[in-house]
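One-letter residues, chain by chain:
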Amino acid sequence: MAGKKLGFDTLKVRAGYDSSEHNYAVAVPIYQTASYDLGSVERGEKLFGMEEAGYLYTRIGNPTVNVLEQRLASLDHGTGAVAVASGMAAVTYALLNLAEGGGRIVTTPRLYGGTFDAIKHLFPKFGIHVDFVEDSDDPESFRRAIGPDTKAVLIESISNPNATVLDIEAIAAVAHDNGLPLVVDNTFGTPYLFDSFAHGVDIIIYSATKAIGGHGTTLGGVIVENGEFDWSNGKFPHFEQPQYLLREQSTGRERSILEVFPEAPFTTRVRLSYLAYFGASLSPFDAFLLLQGIETLSERIAKQVSNALRIVDYLQNNDKVSWVSHPAAAGNPYKALAEKYFPKGAGSIFSFGFKGNEEQLKAFLNAVELFSYHANVGDARSLIINSPKTTHGELNAEEQALSGITPETIRLSIGLEDAEDLIDDLEQAFAKAFIGSLV
Ligand SMILES: *Cc1c(COP(=O)(O)O)cnc(C)c1O
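Student: What is the right way to look at the packing of helix α13 (residues 297–316) against helix α17 (residues 419–433) in this model?
Tutor: Where α13 contacts α17, the axes come no closer than 9 Å and their chain directions differ by 30 degrees. Here α13 is positioned roughly parallel relative to α17, judged by the angle of their axes. Pair α13 / α17 crosses with right-handed handedness. Here α13 contributes N307, R310, I311, Y314 and L315 to the contact with α17, which in turn contributes A419, E420, L422, I423, L426, E427 and F430.

Structure follows, in structure tokens:
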């Protein structure tokens, strides 16, 4: 098999793990340990001097967590990955690693509610500011928002809750023209639906809590890089700075992260700075659960996408629905972009407009029996939620309008049930919501 390029489905159950290095255990063992024996004084010196690779302390690295990191790097054809305790930790560490010291981030308002709120209200308290583009659908709008202190462009591969698709390659070109990396939160795309690095993305962020884990049991986040971005272009002095921690043991000469880790400087820097000192580490047991999820990633996502298409079809032929926002819906403006970037389908998370008053909308949500009413998308179980009041409830009216979230918006995340049963559930809930009315 040596030298053969393995397919996605093989990698998702095999990559990053060699049983001969783990007592021939077939399943990935859970290394439930905080620390590691240094072995001898000589070995300890080499480990701490980074002359020998090995584990020191689970906050910075753990063999179970490492398999998860290697597996995701492999699925995305990347050169490095770092796993952290949640998707928000991944977003935060990635953005701090880019813009620390007062940089700015250019982004779109079409973001996960938590990310939007963090970069708008919390990051500025740490000196990092955000510039929102005026028109997310126009790559030139991204160019106009870039200034001398901009350190990155951030987008989501498929947006939440309306499943819009931006012109990712065109936005990457704008970022690269300005010496900036394109950072994509690919939580909704997953490595199965979207091949980020093939489309100009430089840094990928995942909330592994969602479709990667897929079973709603475990929080986690991952950052992946492909080692191609030029961090020595003058905009990122913190990557070029010689550090005492990285000194050459024989001479004492201090070296930069770029010099010591040229293949994966971004994720290594997240590990050695933010993970080491801010400490949002992923637990080995949680890494194990996320690995279990990845083993069925393709099968789950493919079924969720096909289920979603059935439900899109049902909703767009329903007179109690004013619109359906999924690239597969008739007349959707993102169809062409979705076909280009998501040839296997644009995911199973989307929204629709409920044609009824607020009371009826409430009655509808209370009437569903199979769909669960909760926020964790990408779960094996289907969910329904009124985004404007919940997942995006922290956005004020103006921000919601900017993000394309209208009061009648209902978001669905389609799971692994029988599509027929899901449709029947929606049907009976619509009937209950509109009892005695003539909509
Ligand atoms: C959920 C989510 C996050 C945050 O992830 P957590 O694991 O909940 O911290 C970030 N981005 C997107 C797109 C998400 O859906």
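Student: Sorry, what's going on with the site of the ligand here?
Tutor: Residues in contact with the ligand amount to 13 residues; listed here are only the nearest, G87, D185, S207, T209 and K210. Here an oxygen atom of the ligand sits 2.6 Å away from a polar atom, N or O, in the side chain of T209. Measuring from an oxygen atom of the ligand, one finds a side-chain N or O atom of K210 at 2.7 Å. Surface burial for the ligand is 94%, taken as the share of its 390 Å² of free accessible area covered by protein chains. Counted by class, the shell around the ligand contains four nonpolar, six polar and three charged residues.

Student: Any chance you could explain helix α12 (residues 284–294) here in plain terms?
Tutor: It helps to recall that an α-helix has 3.6 residues per turn; residues three or four apart then point in one direction. Looking only at α12, the buried set comprises P284, A287, F288, L290, L291, G293 and I294. In this fold, the buried residues of α12 make contact with α1 (8–14), α3 (63–75) and α13.

Student: Mind showing me how you'd approach the sheet that holds strand β11 (residues 409–413) here?
Tutor: Neighbouring strands of a sheet are bound in pairs by backbone hydrogen bonds; such pairs are parallel or else antiparallel. With antiparallel pairing, four strands are arranged side by side in an open sheet as β8-β9-β11-β10. Every interior strand has two partners, whereas the edge strands, β8 (321–325) and β10 (383–385), have only one. Taking the axes of each pair of neighbouring strands and ignoring which way they run, one obtains an average angle of 20 degrees across the sheet. Across three bridges, the pairing between β10 and β11 is antiparallel. Residue pairing for β11: I384 is matched across the bridge by L412. Sheet strands touched by helix α15 (residues 358–367): β9 (349–354), β10 and β11. Its angle to β9, the strand with the most contacts, is close to 135 degrees.

About the cut-offs
Residues numbered from 1 in each chain as written. Predicted model: local features only at pLDDT ≥ 70, side-chain atom pairs only at ≥ 80, totals over all residues. Heavy atoms only, no water. Axes fitted to C-alpha atoms, helices over the stretch in contact; angles between N-to-C directions. Helix = DSSP H or I, 4+ residues; strand = E, 2+ residues; numbered from the N terminus. Parallel < 35°, antiparallel > 145°, perpendicular 65-115°, else oblique. Left-handed = near helix turned anticlockwise from the far one by under 90°. Contact = heavy atoms within 4.5 Å. Near = heavy atom within 4 Å. Polar contact = N/O pair within 3.5 Å; in protein donor to acceptor, adjacent residues only side chain to side chain. Areas by Shrake-Rupley, 256 points an atom, 1.4 Å probe, with all protein chains shown as cover. Nonpolar A, V, L, I, M, F, W, Y, C, P; charged D, E, K, R; others polar. Buried < 20%, exposed > 50% of the residue type's maximum accessible area, 1.4 Å probe, protein only. Pairing = 2+ DSSP bridges.

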